[in-house]
Amino acid sequence: MAETHAADDNLEGISDYKGPAGGWGALGAVARTVREQMKASPDTRALLQMNQPDGFDCPGCAWPDPKHTSSFEFCENGAKAVTWEATVKRVDPDFFAQHSVSELWTWSDHRLEDAGRLTEPLRYDPEADHFVPISWDEAFARAGAVLRALDDPHACEFYCSGRASNEAAFLYQLFAREFGTNNFPDCSNMCHEATSVGLPKSIGIGKGTVTLEDFDHADAIFCIGHNPGTNHPRMLSTLAAASKRGVPIVVANPMRERGLERFKSPQHPTEMLSTHATPLASAYHQVRIGGDMAMLKGMMKLVIAADALDHAFIAEHTEGIAALKADLDATSWDWIETESGLTRDAIETMAKVYIDAERVIVCYGMGITQHRHGTQNVQSIANLLLLRGNFGKEGAGICPLRGHSNVQGDRTVGITEIPTEDMLERLDAAYGIASPRAHGHNAVEALEAMREGRSRALIGLGGNLAVAMPDPEACFAAVRGLDLSVNVLTKFNRTCLLTAGETLVLPCLGRTELDEQEAGAQFVTVEDSMSMVHASRGKLKAPGPHVRSEPAIVAGLAKAAMPHTRVDWDGLVADYDRIREGIEQVYPDFHAFNRRVREPGGFRLTIPPSDRIWKTPSGKAQFIAHPSAREDGARSMLLTTIRSHDQYNTTIYSLDDRYRGVTGRRDVIFANEVDLDMLGLAHGDIVDVTTPAGRALKGFTVVKHAIARGSLAAYYPEANCLVPLDDYDPVSGTPAYKSIPVEIVRAA
Ligand SMILES: Nc1nc2c(c(=O)[nH]1)N[C@H]1C(S)=C(S)[C@@H](COP(=O)(O)OP(=O)(O)OC[C@H]3O[C@@H](n4cnc5c(=O)[nH]c(N)nc54)[C@H](O)[C@@H]3O)O[C@H]1N2
Ligand SMILES: Nc1nc2c(c(=O)[nH]1)N[C@H]1C(S)=C(S)[C@@H](COP(=O)(O)OP(=O)(O)OC[C@H]3O[C@@H](n4cnc5c(=O)[nH]c(N)nc54)[C@H](O)[C@@H]3O)O[C@H]1N2
Ligand SMILES: [Mo]
């Protein structure tokens, strides 16, 4: 038996969280973040303008608002995102005079960003080892000089965070394409790329097909591999409403997540004052990490065995059912049970809910996409839905939970390394440029090119690329080897510390802030997870007089890089309506953009599957069979990486993870109690986690958690050192962040 006495000392900050999601804990957390970040700033009123018809779009997540006109729709984590941006703290020139880059390197990611908002353009002075303030003119001139000196435009990488507005992203892609490259590594490559490339093959479009209203009509909802209590908290109100209607909500997730179990709405006074919380999941299946495709195949086998197919739909609208059936016939229950970690009985109960429901929505997140077979997972969900015609009818469809608040919109307006000829022709016609036709780099390819010295420059429109990607050591070296690194940011982060030949940090306005240009106050637009495009108007004062908008910074860089540009950059920045006119010219779906986006709630882009129109080569939706391979041979433990409740991607708001009972630390590995016993480990032991290739995460504390057998979990980005850069879904390029084969042993 493992000893337990020594372990107790290591368990500080570890407890069992008994409350619901939301509730008083959420209100307390909002009060705390307001106090810490905003002091007594009058701008706490910002919180009241979030997601208002006339306010700004919450930078937290991409979950839509009820027609974007609700009276008070904000959540704890939205409040954290806003207060983090609207903080009164500043990193001004004095700050950088005090702290050298070598010193800042020793700071934690939390401390680096918590130091405050950037206020002036900075360049790294290697002699002094400090960042020093420079003028905008000098910043643009320095970036432009390196960019003009590149012998090949493909040697520059244009990274885009999903936080960027449609207007900023559209200008950014115009810049890159006039410059001569389609290199657009973007955060979607680490995120929902499996959706973007997988769904078009299945249903003809790489986006979700449901609207928020569909949730009012669904007969059953499946939530696979996402954690809405933390990452899409406003979704809990939608799920709670469905639960109150008696709609079954079936969850498949290796970890028990409180935000999928029960919810007390902080906006519901009577609920807050009672002991009652709304139960969410009607059934919770702790699928093994990476076992989703097996589970989905089990369900599909049962749907077919029960002859519960929508034969008319399949005949009229689909192709490929025979191959799918053949594959399912060849798939054994033994394989399904081993891979999924679920019993046949459990999968039968899931299939029963699915079959009994006339209208089904399947929601999914990173638990589905960030795997070696992420695209196959996504297509398997589409297969399941197609079997019963769950597309193009009210209350049914597929619902990928997008990450960043505008990651979907950035893609829509051209941030893609694989543009269509159609789009490039329209772009060229609109601006008189000659866009390159060769495909560019996605995130993994960009890092590879940088490592090998083929790429010499990196521009980051937001993001913390080197920390967000797998294998920090390789990524850090890759950025340090560049001639130029430009970071357009609201806050300083570790990627800025990876100094290259020339390193620039350019401070930009956030979503909450007033953006004044020549034609007056500007607004920007974003597209949510459900393809609704709407306006976002910042109201707060900029953090300093030298901070510029993202469109203005992109335009400044473009002019400096291309003295003979054909584009009237100043004209576009003077009035964002002109940028929107350009978007409309290149993307006809945005017709009458400037008028329609001014209507309350904005408008929805066309989603053909909603009308049972399939933009696939044959005009039919496709069943796509994937063979049931045994991926990991003799299966080792698999480790998944997750977000805590107090983090936004690589931004760490605090070291707490309330719903998982973790306070003040992040150095933990979540494990199943039975596995711990079998491995001779105890709750609280200090462990090392290693991969077959020799990667290691050392000295973490293992804690018992309600997680599936054979599964471990750790926080991202701490565990990114375990993921190799070349371990990704070969179809989408999405890193396999969520299924890392590991061994876990007590630390020596
Ligand atoms: N507050 C906050 N909001 C955010 C973000 C944030 O960091 N903080 N990030 C934004 C971004 S960019 C994104 S992409 C989204 C991410 O939103 P999510 O997709 O919810 O993100 P994750 O925390 O990565 O974890 C997903 C869930 O997948 C489960 N999981 C892990 N492996 C598997 C598996 O193999 N199968 C199944 N079925 N489940 C698995 C985990 O237990 C976890 O509950 O959120 C967005 N919203
Ligand atoms: N192991 C593991 N790794 C992962 C994941 C995982 O689940 N597991 N998830 C992946 C996913 S889904 C994603 S999307 C990536 C994202 O990872 P990140 O690159 O970290 O994402 P961001 O939130 O875009 O970037 C944070 C930075 O954006 C800057 N910022 C904030 N607001 C603004 C703004 O308005 N404008 C500008 N210009 N900058 C701003 C801040 O300075 C901040 O430092 O991480 C990926 N990495
Ligand atoms: Mo993401």
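Residues numbered from 1 in each chain as written. Chains lettered and ligands numbered in written order. Predicted model: local features only at pLDDT ≥ 70, side-chain atom pairs only at ≥ 80, totals over all residues. Heavy atoms only, no water.

Participant: Help me understand the domain arrangement of the protein chain, please; the structure alone is not making it clear to me.
Facilitator: Reports of interface size often rely on the accessible area that becomes lost once the parts have come together. The assigned domain composition of the protein chain is domain 1 (21-85), domain 2 (91-126 + 137-190 + 408-610), domain 3 (193-405) and domain 4 (637-746). Buried surface at the junction of domain 1 and domain 4, summed over both partners, amounts to about 780 Å²; 48% is from carbon and sulfur atoms. When the buried surface of domain 1 facing domain 4 is broken down by residue, N77, K80 and W84 rank first, second and third, together holding 51% of it. One can count 2 salt bridges joining domain 1 with domain 4. (Domains from an automatic or database assignment. Buried area = accessible area lost by both parts, 1.4 Å probe. Salt bridge = Lys/Arg side-chain N within 4 Å of Asp/Glu carboxyl O.)

Participant: Explain the packing of aromatic side chains here, please?
Facilitator: The relative placement of two aromatic rings is captured by the distance of their centres and the angle of their planes. Within this structure, the stated rule accounts for 25 aromatic pairs. Their ring planes at 35° and their centres at 5.4 Å tell us that W136 and F140 sit as a pair that is tilted. You can see W136 and its partner F140 sitting in helix α7 (residues 136-149), 4 residues apart, about one turn around the helix. Accessibility assignment for this pair places W136 and F140 in one class, buried. Both rings, one in F158 and one in F179, keep their centres 6.2 Å apart while their planes meet at 65°; by these two values the pair is edge-to-face. Taken together, the residues F158 in strand β6 (residues 156-160) and F179 in helix α8 (residues 166-179) connect sequence positions 21 residues apart. Residue classification places F158 among the buried positions, given a relative accessible area of 0%. Of the residues examined, F179 reaches a relative accessible area of 14% and is grouped as buried. Through a chain of ring-to-ring contacts, the aromatic side chains of F95, F96, W107, Y124, F131 and F492 assemble into a single cluster. A cation sits over an aromatic face here: K491 above W84, 3.8 Å from the ring centre. Stacked on the ring of F523, the Lys or Arg R537 has its end atom at 4.7 Å from the ring centre. (Phe/Tyr/Trp six-rings, centres within 6.5 Å; stacked < 30°, edge-to-face > 60°. Helix = DSSP H or I, 4+ residues; strand = E, 2+ residues; numbered from the N terminus. Buried < 20%, exposed > 50% of the residue type's maximum accessible area, 1.4 Å probe, protein only. Lys NZ or Arg CZ within 6 Å of the ring centre and 35° of its normal.)

Participant: Would you take a moment to explain the packing of helix α14 (residues 292-305) against helix α17 (residues 333-340) for this structure?
Facilitator: Angle between the axes and distance between the axes are the two parameters that describe a pair of packed helices. Interaxial distance between α14 and α17 falls to 8 Å at its minimum, and their mutual angle equals 140°. As α14 packs across α17, the resulting crossing turns out to be left-handed. Taken together, the residues of α17 that come into contact with α14 (itself represented by A294, M295, K297, G298, K301 and L302) are W333, W335, I336, E339 and S340. Split into classes, the residues belonging to the contact of α14 with α17 amount to 6 nonpolar, 2 polar and 3 charged. (Axes fitted to C-alpha atoms, helices over the stretch in contact; angles between N-to-C directions. Left-handed = near helix turned anticlockwise from the far one by under 90°. Contact = heavy atoms within 4.5 Å. Nonpolar A, V, L, I, M, F, W, Y, C, P; charged D, E, K, R; others polar.)

Participant: Help me out: how do you make sense of the site of ligand 1 in this one?
Facilitator: Neighbouring ligand 1 are 33 residues; N253, E257, D292, Q647 and N649 lie closest to it. Between an oxygen atom of ligand 1 and a side-chain N or O atom of E257, the distance comes to 2.5 Å. A distance of 3.0 Å is found between a nitrogen atom of ligand 1 and a side-chain nitrogen or oxygen belonging to T640. Protein coverage of the free-state accessible area of ligand 1, which is 930 Å², stands at 99%. Going through the elements one at a time, α10 (228-231), α19 (366-369), β24 (637-642) and β25 (647-648) are the ones with two or more residues in the shell around ligand 1. Its residues assigned to classes, the shell around ligand 1 shows 11 nonpolar, 18 polar and 4 charged. (Near = heavy atom within 4 Å. Polar contact = N/O pair within 3.5 Å; in protein donor to acceptor, adjacent residues only side chain to side chain. Areas by Shrake-Rupley, 256 points an atom, 1.4 Å probe, with all protein chains shown as cover.)

Participant: Looking at this structure, I do not really get the site of ligand 2. What am I missing?
Facilitator: For ligand 2, the set of nearby residues contains 32 residues, the closest of which are N493, E550, T650, Y716 and N720. Between G462 and ligand 2, the recorded distance is 3.4 Å, taken from a backbone N or O atom to a nitrogen atom. In the environment of ligand 2, a nitrogen atom lies 2.6 Å from a nitrogen or oxygen atom belonging to the side chain of E550. Considering only residue class, the shell around ligand 2 consists of 12 nonpolar, 14 polar and 6 charged.

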